[in-house]
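Here are the chains, one letter per residue:
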Amino acid sequence: MDRDSHFFIKSNFLGIPPEKSDWNNSRFVVLPVPFDATTSFQSGTRKGPRAVIEASAYIELYDEELRMESTDAGIHTLDQLDVSVNPEEVLNKIECVITDIVNADKIPVTIGGEHSITFGVIKALHAKYDDLSVLQLDAHADLRQEYQGTIWSHACVMRRISELGINIVQAGIRSLSKDEAGFISSARNIHTYYAADIIDKNDWMEDAISHLSDNVYITIDVDAFDPAYVPATGTPEPGGMNWYQVTKFLSRVFQRKKIVGFDAVELCPQPGQTASDFLVARLLYKMMGYSLLNKI
Ligand SMILES: [Mn+2]
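Since we're looking at a predicted model, the values are computed, not measured.

Attention now goes to the nonpolar core. In this structure, Ala264, Val280 and Leu284 are the most contacted members of the largest nonpolar core, which totals 83 residues. Residue contributions to this core peak at 9 residues, all from helix H9 (residues 275-293). What Ala264 contacts, discounting residues up to four positions off in sequence, is Ile111, Gly112, Ile220, Val222, Val280, Leu283 and Leu284.

With respect to the helices and strands, Asp214 occurs in the loop between helix H7 (205-210) and strand S9 (215-221). Through-space distance from the C-alpha of Asp214 to that of Tyr62 is 29 Å; in sequence the pair is 152 residues apart. Once residues within four sequence positions are removed from consideration, Asp214 is found in contact with Asp131, Lys257 and Lys258.

Before going further, it helps to examine helix H3 (residues 118-128). The α-helix winds at 3.6 residues per turn, so residues separated by three or four positions along the chain end up facing the same way. For H3, the complete set of buried residues consists of Thr118, Phe119, Gly120, Val121, Ile122, Ala124 and Leu125. Check the buried side of H3 and you find it contacts helix H2 (87-103), strand S5 (107-112), strand S6 (133-137), helix H4 (157-163), S9 and strand S10 (258-265).

Moving on, we come to the environment of Ser210. Topologically, Ser210 is positioned in helix H7. C-beta crowding within 10 Å serves as the criterion here: with 10 such atoms nearby, Ser210 is assigned to the exposed category. Residues Ser210 and Arg256, 46 residues apart in the sequence, show an inter-C-alpha distance of 9.5 Å.

Here we come to the environment of Ile166. One can find Ile166 in the loop between H4 and strand S7 (167-173). Judged by local crowding, Ile166 falls into the buried class, with 21 C-beta atoms found within 10 Å. Considering only alpha carbons, one finds Ile166 and Ile122, 44 residues apart in sequence, at a separation of 9.4 Å. If we ignore the near neighbours within four places in the chain, the residues touching Ile166 are Ile122, His126, Leu132, Ser133, Val134, Ile161 and Asn189.

In this section: the pairing of S7. Counting buried residues along S7, 6 of its 7 residues qualify, which places the element largely inside the surrounding structure. As paired elements, S6 and S7 share 5 bridges and run parallel to each other. Across the sheet, the residue bridging to Val134 is Ile168, located in S7. For the crossover from S6 across H4 to S7, the handedness is right-handed.

A word on the sheet that holds S5. Strand order in the open sheet formed by 8 strands is S4-S1-S5-S10-S9-S6-S7-S8, with parallel pairing between adjacent strands. In this open sheet, the two strands that pair with only one neighbour each are strand S4 (75-77) and strand S8 (190-194). Sheet twist, expressed as the mean angle between neighbouring strand axes with direction ignored, is 15°. Seen against the sheet, helix H1 (residues 48-56) touches strand S1 (28-33), S4 and S5 and runs at an angle of roughly 115° to S5. On the sheet, H3 packs against S5, S6, S9 and S10 and is oriented at approximately 165° with respect to S10.

Let us now look at H1. A large share of H1 lies buried, amounting to 7 of its 9 residues. The inward-facing, buried residues of H1 contact S1, S4, S5 and H9.

On to the packing of H2 against H3, then. The geometry of H2 relative to H3 is characterised by a closest axis approach of 7 Å and an angle of 40° between their N-to-C directions. The angle between H2 and H3 places the two elements in the oblique class. Note that H2 runs across H3; the crossing there is right-handed. Within the contact between the two elements, H2 uses Leu91, Asn92, Ile94, Glu95, Ile98, Thr99 and Val102 and H3 uses Phe119, Gly120, Val121, Lys123, Ala124, Leu125 and Lys128. Residues that form the contact of H2 with H3 fall into these classes: 8 nonpolar, 3 polar and 3 charged.

Definitions and limits used
- Residues numbered from 1 in each chain as written.
- Predicted model: local features only at pLDDT ≥ 70, side-chain atom pairs only at ≥ 80, totals over all residues.
- Core = buried A, V, L, I, M, F, W, Y, C linked by C-beta atoms within 7 Å.
- Buried ≥ 20, exposed ≤ 12 C-beta atoms within 10 Å, placed from the backbone.
- Helix = DSSP H or I, 4+ residues; strand = E, 2+ residues; numbered from the N terminus.
- Contact = placed C-beta atoms within 7 Å.
- Pairing = 2+ DSSP bridges.
- Right-handed = clockwise from strand over helix to strand, strands pointing away.
- Axes fitted to C-alpha atoms, helices over the stretch in contact; angles between N-to-C directions.
- Parallel < 35°, antiparallel > 145°, perpendicular 65-115°, else oblique.
- Left-handed = near helix turned anticlockwise from the far one by under 90°.
- Nonpolar A, V, L, I, M, F, W, Y, C, P; charged D, E, K, R; others polar.

Below, the structure is given as structure tokens:
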């Protein structure tokens, strides 16, 4: 079957044929998690995975920067996770699926959904890699102790991860509470690069990488990008990162560290405006390419 034929598989990331997307031959496994129970301002991130997968069917498989088609390594797409259970149960399900993926020596690529889902992924990876650190690109610190009556809110996800003793590097931050700023100052395992200090600069990148351990998980809240690039997100913030800055930074991280998984969360698709969906699809595919070029 050919991707360009009339019959390509629309539920499959990139719409690639079975020989490049079956479980056994795939280096990457895409897990769509359409979960948005705790999103604060506008809900709709549950539609994120479908929008990304639909857009992905139309992006070029040849990467002009990397000069290859990264689909040759195989990319399997799982069915959307059933999230019709309570938030803690969703996290448990994610942890189980991710455990299966990493035990098969494959790299999990999770598409959200709201940011809270990252905790389920991290639980699984933390059990496998005891030196795991997390790189977070985000407009928000997500370090609240509790938000709107729950400790499992998207606004608390990095706090929960920090409580596991995991080292966190966060970049692009430009929205946080006074308490979160205080927590960052007192926490030893959190290194924060505020947007105002890094936009249009490269000198912070090596410093940020120096705070990561060898095994790194990357979580990208798409609101790290400026709303000019990604307007389709629940709580957009002015003054964000641009495409080339993000990809240049990620390229360097992949060159220096072993990336054991990554996600993109908080896309909130808007009718008639698909640029954000395409950016997220392109970004995830780009990261797969970086991963293949730098098999450490
Ligand atoms: Mn955010």
